Amino acid sequence: MVTVLYFARSAELAGLRSESVSVPQRITSLQLWEEIVKIHPRLAVIRDQVIFAVQQEYVFLGDQLLVLQTGDEVAIIPPISGG
């Protein structure tokens, strides 16, 4: 179980700011994204813009292997506009 934190547009699309999600311990960042989209299909629209922060380290979607531990935090960070 990891804690998924949703920020900005991802929080709007998921309808919540955080939740616990059961995922395999060894998973690529892209597979992790796909698991989260299964739970919240509306997130699919930001796929090409989103990055993760796993334990506060940025991770781009792709083949990068993640080794997750129970209690790890995964933040979904879409682009944030501002001025």
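Every value quoted in this text rests on a predicted model; they were computed, and no experiment measured them. (Residues numbered from 1 in each chain as written. Predicted model: local features only at pLDDT ≥ 70, side-chain atom pairs only at ≥ 80, totals over all residues. Heavy atoms only, no water.)

Scanning the protein chain from N- to C-terminus turns up 2 helices and 7 strands. N-terminal to C-terminal, the α/β element order of the protein chain is β-α-β-β-α-β-β-β-β. Here the protein chain has a C-alpha radius of gyration of 12 Å; the compact-globule value for 83 residues is 12 Å, and the two agree. Counting over 83 residues, the protein chain shows a buried share of 43%. (Helix = DSSP H or I, 4+ residues; strand = E, 2+ residues; numbered from the N terminus. Rg over C-alpha atoms; globule rule 2.2 N^0.38 Å. Buried < 20%, exposed > 50% of the residue type's maximum accessible area, 1.4 Å probe, protein only.)

This part is about the sheet that holds strand 4 (residues 51-54). The mixed open sheet is built from 5 strands, whose spatial order is 2-1-7-4-5. Each of the sheet's edge strands pairs with one partner strand only, and the pair in question is strand 2 (18-21) and strand 5 (57-59). Taking the axes of each pair of neighbouring strands and ignoring which way they run, one obtains an average angle of 30° across the sheet. Sheet topology places strand 1 (residues 2-6) next to strand 2; 4 bridges connect them, and they run antiparallel. Among the inter-strand pairings, V4 is bridged to a residue of strand 2, identified as E19. Running at roughly 105° to strand 4, helix 2 (residues 29-39) makes contact with strand 1, strand 2, strand 4, strand 5 and strand 7 (73-77) of the sheet. (Pairing = 2+ DSSP bridges. Axes fitted to C-alpha atoms, helices over the stretch in contact; angles between N-to-C directions. Contact = heavy atoms within 4.5 Å.)

In this section: the pairing of strand 7. As a general feature of sheets, a regular strand has side chains that alternate between the two faces. Pairing analysis gives 4 bridges linking strand 1 to strand 7, with the strands arranged parallel. In the sheet register, T3 faces strand 7, and the bridge partner there is E73. Of the pairings in the sheet, the one linking strand 4 to strand 7 comprises 4 bridges and is antiparallel in character. Bridge pairing in strand 7 places V54 opposite V74.

This part covers the packing of aromatic side chains. What the rule picks out here adds up to 1 aromatic pair. Their ring planes at 55° and their centres at 6.2 Å tell us that W33 and F52 sit as a pair that is tilted. Taken together, the residues W33 in helix 2 and F52 in strand 4 connect sequence positions 19 residues apart. For the pair formed by W33 and F52, the shared burial category is buried. (Phe/Tyr/Trp six-rings, centres within 6.5 Å; stacked < 30°, edge-to-face > 60°.)

So, on to the pattern of salt bridges. With the rule as written, the count across this model stands at 3 salt bridges. Ionic pairing is found between E12 and R9, a salt bridge with its closest N-O pair at 3.7 Å. Taken together, the residues span about one helical turn, with E12 and R9 both in helix 1 (residues 8-14) at a distance of 3 residues. On the basis of relative accessibility, which here comes to 39%, the residue R9 falls in the partly exposed class. (Salt bridge = Lys/Arg side-chain N within 4 Å of Asp/Glu carboxyl O.)

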